[in-house]
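Below, each chain spelled out in residue letters.
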Amino acid sequence: MEDGIYVECDRAVRSLGTCVIAGADASALSTYRGGGRLKRLYVPRTEEEFAAVCREVLSLTGRMPFLLGGGSNTLIDDGEVRRPVVWTRGLTGVTPTPEGLLCYAGTRLSEVSAAAAKEGLGGLEFLAGVPATVGGAVHMNAGAFGAEIGDHVTKVHVLDPCSCKLRRISREQIAWGHRRGARLPVTAEVLSLPRMSAEEREQRRRGYLAARRLAQPRLPSLGSMFTSDAGAAWAYSEGAGLKGLRVGGAEISRLHGNFIVNIGGGTAADHIKLARVMRRAAEELFGVGLVAEVRSLTDGEEDPFSG
């Protein structure tokens, strides 16, 4: 993209009242604490503003902006990333409705759980400790311990990426699956959660959080790297003896073979190299193809882990 296009995008976006951030530090926006800088980051405050920003960027650049939530499961490239990014962090809030809790996409899961608790509701304790937004969680049907957030979704507000118009779809219109939820960009969702006492809710939360801390590394990471229809993705990495393998400042976790952790100064390139080793090992040693759970914000390959 020519620099002049950014000037036009900025002018159009600012006319909507949207915050424009130039040169945002990617390491502060991704849970792996790596990456370079974002040429442009736009932060809309409402669903309608979100749709309008996407429409302006699509019209001026011919490409939808990248949609960034909490930054978990998102690898942001090194250097300057020139693709415009729309950050959902301005789309926050939880409102009780007769249908359930209306949750805007940029709201963190911890904030949704706290809002649910005020209403005497529970059911999301299995996601305790997950550093994601509710929009991202519904997009990928985040799950753990045999439960998935899709179990509680009744309605989803989405953006049509061709027309940039908002739509509302029911849970029956979504092909839910393992790490597969609403495929269109999510702006809000309605969650139907069960009544639960404060004591039960806290007991469940503590139990799940303790189990997660025992099984998953505490160092910065992209979260779970791969999934596979053939079995647990971690088993192939561990079966190939890859735990502890290090490239630069990144390492395949010694605790969990499907996590790459940033041990200090880990770059996107370091993480990509290790992810390629993991994928190659699964294919060559076990005949299993691994599918990336991690999204990539780059100016090049959509799936940099396939090399």
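Cut-off values and rules
Residues numbered from 1 in each chain as written. Predicted model: local features only at pLDDT ≥ 70, side-chain atom pairs only at ≥ 80, totals over all residues. Heavy atoms only, no water. UniProt positions renumbered as here; feature names shortened; annotations may be inferred. Disulfide = S-S within 2.5 Å. Buried < 20%, exposed > 50% of the residue type's maximum accessible area, 1.4 Å probe, protein only. Helix = DSSP H or I, 4+ residues; strand = E, 2+ residues; numbered from the N terminus. Pairing = 2+ DSSP bridges.

As recorded in an unreviewed UniProt entry, the protein chain goes by UDP-N-acetylenolpyruvoylglucosamine reductase and comes from Candidatus Limadaptatus stercoripullorum. The UniProt entry for the protein chain carries the following comment under Function (unreviewed entry): "Cell wall formation."

Draft legend 1. Examining the state of the cysteines more closely. Applying the stated criterion across every chain yields a total of 0 disulfides. Considering cysteine sulfurs only, Cys 9 is the nearest to Cys 19, which forms no disulfide, with 15 Å between them. With a relative accessible area of 40%, Cys 19 lands in the partly exposed category. Left unpaired, Cys 54 is separated from the closest cysteine sulfur, that of Cys 164, by 5.6 Å.

Draft legend 2. Summary view of the UniProt feature "domain: FAD-binding PCMH-type" (unreviewed entry) in the protein chain. Here the UniProt-annotated "domain: FAD-binding PCMH-type" (unreviewed entry) positions come out as residues 33-196. Counting secondary structure, residues 33-196 comes out at 20% helix and 30% strand; the distance between its end C-alpha atoms is 36 Å.

Draft legend 3. Structural detail: the pairing of strand E8 (residues 100-104). Counting buried positions over the 5 residues of E8 gives 4, a clear majority of the element. In terms of strand pairing, strand E7 (residues 94-97) meets E8 through 4 bridges, oriented antiparallel. Among the inter-strand pairings, Pro 96 is bridged to a residue of E8, identified as Leu 101. Hairpin connection from E7 to E8: 2 residues lie between these consecutive antiparallel strands. As defined by bridge partners, E8 adjoins strand E13 (residues 186-191) across 4 bridges and the pair is classed as antiparallel. Counted as the bridge partner of Tyr 104 is Ala 188 from E13.

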